[in-house]
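Results of the structural survey
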Amino acid sequence: MSDQTELSSSPFDSVSSVHFSPTSPDHLLVSAWDTTVRLYDVVANEQKAKIDHRAAVLTCCFGDATQAYSGGLDNGVRELDLTTENVTCLGQHGNAVSAVNYARDQSSRSFISLCNPCLTLYLIALEVLISGSWDLSLKLWDPRSSTANVSTHVLPERVYHMDLVNSTLVVSMASRLFHIYDIRKMSEPSQTRESSLKFMTRSLACMTDGKGYAIGSVEGRIGVEYFDPSPEVQDQKYAFKCHRQTIEDVDHVWPVNSLAFHPVHNTFASAGSDGTVSIWDHKLKKRLRQYPKYSAPIASVAFSCDGSRLAVGVSYTWDDGEEGAKTAERPAIWIRRTGDEVKPRQL
């Protein structure tokens, strides 16, 4: 399998998330149930940093090239210095932190800083960390402030997943609920929705072009949704079956654990507990490629900022409970080179 490389020094317990740096296609952040967040140089195949936590880490994200953020079962939201491995606790939720996203607007900030310094202060304030928790709340944080917690927003259900594109935040919750926010106006959601899928949401990713998002369920199905609430646009949303297989006349269905949109081509990858990764063109409603099957379920996938690499976090995802854990392999992180398979097909 020369088109992919396994990273050394992988976590000892299940992978919870993988994320590439927003500025470097070489740097990968991995959080895991072994209470660590690890930074890798995927070209050198070297672990650059390992930051220990007090409990399992459920989520992580980059702030910039040297700063990252994490959350997990100890309820804390932490800022991680990837150079020194120093940790700053920004604050606490009342229950586990299940999702963190860092909002940034570098292009707008640079433009306005040349024209109107007063507006620059407003845009910089939008560069904020957002955390979601099982305590039925979102919190916004300004890590530079002595009082880091900017605001708290009560939700109707536990947060399972979040993703952000431009200034639009999508929050997936229990009971198949969704809130969509404009992060410049967090007083109330701009839209509230119920999932188009019948079963629990397992994954979420926003389209690169900012027009919508995809969701995956525990029942081997993906839904493609659009932000524009107009009837003509909403008529374009759809769902399809995936990560399924018929074995000896028995239908086997696996959860869709992770979704990731390509940063250039706006196609997307799906990863499931069946150990497969597929690439989809959501506009043509076609699968472009299914990569060779991995030896275990896939917990998380992510594209690099230039789209040249796909990180694949392979580990046990507890679909078979404690019995399955007894025979589970050690987690592995694979880095796959992408090619023409991630490009949309021409009509």
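Definitions and cut-offs
- One numbering rule holds for all chains: residues counted from 1, following each sequence as written.
- Only residues with pLDDT of at least 70 are given local features in this predicted model, and only at 80 or more are side-chain atom pairs given and counted; all residues enter the totals for whole chains, interfaces and linings.
- Here the side-chain values reflect all heavy atoms present in the structure, with hydrogen atoms and water set aside.
- Working definition: helices are DSSP H or I runs of at least four residues, strands are E runs of at least two. Numbering for both runs from the N terminus.
- Between the two quantities, the radius of gyration covers C-alpha atoms and the globule rule is 2.2 Å times the number of residues to the power 0.38.
- Residues are treated as being in contact if the distance between any of their heavy atoms lies within 4.5 Å.
- Areas reported here follow the Shrake-Rupley algorithm with a probe of radius 1.4 Å; residue values treat only the protein chains shown as occluding.
- Working convention for charge: Lys and Arg count positive, Asp and Glu count negative, and His plus the chain ends are omitted.
- Each charge is placed at NZ for Lys, CZ for Arg, CG for Asp and CD for Glu.
- Just to be clear on terms, a salt bridge is a Lys or Arg side-chain nitrogen sitting within 4 Å of an Asp or Glu carboxyl oxygen.
- Partly exposed describes any residue whose relative accessible area lies between the buried limit of under 20% and the exposed limit of over 50%, with all areas from a 1.4 Å probe on protein chains only and scaled to the type maximum.
- pLDDT gives the predictor's per-residue confidence on a scale running from 0 to 100.
- The pairing criterion is simple: DSSP has to find at least two bridges between the two strands.
- To get an axis, fit a line to the C-alpha atoms, keeping to the stretch in contact for a helix; angles then go from 0 to 180 degrees between the N-to-C directions.
- Pairs of cysteine sulfur atoms within 2.5 Å are identified as disulfides in what follows.
- Among the buried residues, those of types Ala, Val, Leu, Ile, Met, Phe, Trp, Tyr and Cys that are joined through side-chain atoms within 4.5 Å form a nonpolar core.
- Ring geometry is summarised as follows: Phe, Tyr and Trp rings, the Trp one being its six-membered ring, pair when their centres sit within 6.5 Å, and such pairs are stacked at plane angles under 30 degrees, edge-to-face over 60 and tilted between the two.
- We count a charge as sitting over a ring when the NZ of a lysine or the CZ of an arginine lies within 6 Å of the ring centre and within 35 degrees of the ring normal.

Before going further, it helps to spend a moment on the overall build of the chain. Regarding its fold elements, the chain presents 4 helices and 30 strands. The C-alpha radius of gyration computed for the chain amounts to 19 Å, which stays within 12% of the reference 20 Å derived for 347 residues, consistent with globular compactness. Seen through its principal axes, the chain has C-alpha atoms that stretch 65 × 50 × 40 Å. For the chain, restricting intrachain contacts to residue pairs at least 6 apart in sequence, the fraction spanning at least 24 positions comes to 47%. In the form shown here, the chain has an accessible surface area of approximately 15,700 Å², with 49% of it arising from carbon and sulfur atoms. Positive and negative side-chain charges of the chain, numbering 34 and 41 respectively, have mean locations separated by a distance of 3 Å.

So, on to the pattern of salt bridges. Tallied over the entire structure, the rule returns 17 salt bridges. The closest approach of N and O atoms between Glu225 and Arg193, which form a salt bridge, is 3.6 Å. Here Arg193 lies in strand β17 (residues 191-194) and Glu225 lies in strand β20 (residues 221-226), a separation of 32 residues in the sequence. An identical accessibility class is assigned to Glu225 and Arg193; each is buried. One network of salt bridges, with partners in common, ties together Arg54, Asp74 and Arg78.

Time to look at the confidence of the model for the chain. Per-residue pLDDT for the chain averages 92, and the proportion of residues at 70 or more is 93%. Across residues 106-125 the pLDDT falls below 50, and counting only partners more than four positions away or on other chains, this stretch makes 15 contacts in the model.

On to the pairing of strand β18 (residues 201-206), then. β18 sits mainly inside the fold: 5 of its 6 residues count as buried. Following β18, the chain reverses through 5 residues before pairing antiparallel with strand β19 (residues 212-217); Gly210 in that reversal takes a positive phi of roughly 75°.

Checked against the element boundaries, Ser308 lands in the loop between β28 (298-303) and β29 (309-314). In contact with Ser308, other than residues within four places in its own chain, are Pro25, Arg336, Arg337 and Thr338.

Now for the sheet that holds β29. Read from one edge of the open sheet, 4 strands run β1-β30-β29-β28, paired in antiparallel fashion. Two strands bound the open sheet, and with one partner strand each, they are β1 (4-6) and β28. Across the sheet, the mean angle from the axis of one strand to that of its neighbour is 20°, orientation sign disregarded. Pairing of β28 with β29 involves 5 bridges; the strand directions are antiparallel.

Let's shift gears to the state of the cysteines. Under the defined criterion, the tally for this structure stands at 0 disulfides. Free cysteine Cys242: the closest other cysteine sulfur is in Cys206, separated by 18 Å. Judged by relative accessible area, which is 6%, Cys242 ranks as buried. Counting only cysteine sulfurs, Cys61 is the nearest neighbor of Cys305, a cysteine outside any disulfide, at a range of 15 Å.

Our next topic: the nonpolar core. Counting residues in hydrophobic clusters, the biggest one holds 18 residues, and the most contacted among them are Val277, Ile298, Val301, Leu310 and Val312. Ignoring any residue separated from it by four or fewer positions in sequence, one finds Val277 in contact with Ala269, Ser270, Ala271, Arg289, Gln290, Tyr291, Tyr294, Ile298, Val301, Leu310 and Val312. Counting 16 residues, the second largest nonpolar core, distinct from the first, contains Val171, Met173, Ile183 and Met186.

This part takes up the environment of Thr168. By the element assignment, Thr168 lies in strand β15 (residues 168-173). Spatially, the C-alpha atoms of Thr168 and Phe227 are 9.2 Å apart, while their sequence positions differ by 59 residues.

One pair of aromatic rings is described through two measures. These are the centre distance and the angle between the planes. Taken as a whole and judged by the stated rule, the model has 8 aromatic pairs. On the basis of an interplanar angle of 50° and a centroid distance of 6.3 Å, the ring pair of Tyr294 and Trp334 is categorised as tilted. Residue Tyr294 is located in the loop between β27 (286-290) and β28, and its partner Trp334 is located in strand β30 (residues 332-337); the two are separated by 40 residues in the primary sequence. Accessibility assignment for this pair places Tyr294 and Trp334 in one class, buried. These aromatic residues form a ring-pair network of at least three members: Phe178, Tyr213 and Phe227. Lying over the aromatic face of Tyr238, Lys285 brings its terminal NZ or CZ to 4.5 Å of the ring centre. Across from the ring centre of Phe12, 4.0 Å away, lies the NZ or CZ of Arg330, which sits over that ring.

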